[in-house]
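Residue-level structure breakdown
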Amino acid sequence: MSEMKANDIRVMTKDQVKDEILKLKKEQFNLRFQRATGQVENTARIRQIRRDIARLKTVQSQQAAAK
């Protein structure tokens, strides 16, 4: 899965952004358990998810401040 771009996020609705954050947090949770048990295959995905969540939250706060 590729990294999200800020421009891609900005065209999403508030609900879509919220849903995407929720989805990524669930995936992050599962990857943390996989890492703890030594089953994680793509370790770079953990970092990518963390950055995507931060990117989503940044755009979300920018949208809230703009209104």
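These figures come from a predicted structure and were not determined experimentally.

1. Side note on the overall build of the protein chain
- Along its length, the protein chain carries 3 helices and 0 strands.
- In sequence order, the protein chain lays out its α and β elements as α-α-α.
- The C-alpha extent of the protein chain, read off along each of the three principal axes, is 45 × 15 × 15 Å.
- Taken over 67 residues, the protein chain has a buried fraction of 27%.
- Here the analysis covers contacts within the protein chain between residues at least 6 apart in sequence; of these, 69% occur between residues at least 24 apart.

Analysis parameters
Residues numbered from 1 in each chain as written. Predicted model: local features only at pLDDT ≥ 70, side-chain atom pairs only at ≥ 80, totals over all residues. Heavy atoms only, no water. Helix = DSSP H or I, 4+ residues; strand = E, 2+ residues; numbered from the N terminus. Buried < 20%, exposed > 50% of the residue type's maximum accessible area, 1.4 Å probe, protein only. Contact = heavy atoms within 4.5 Å.

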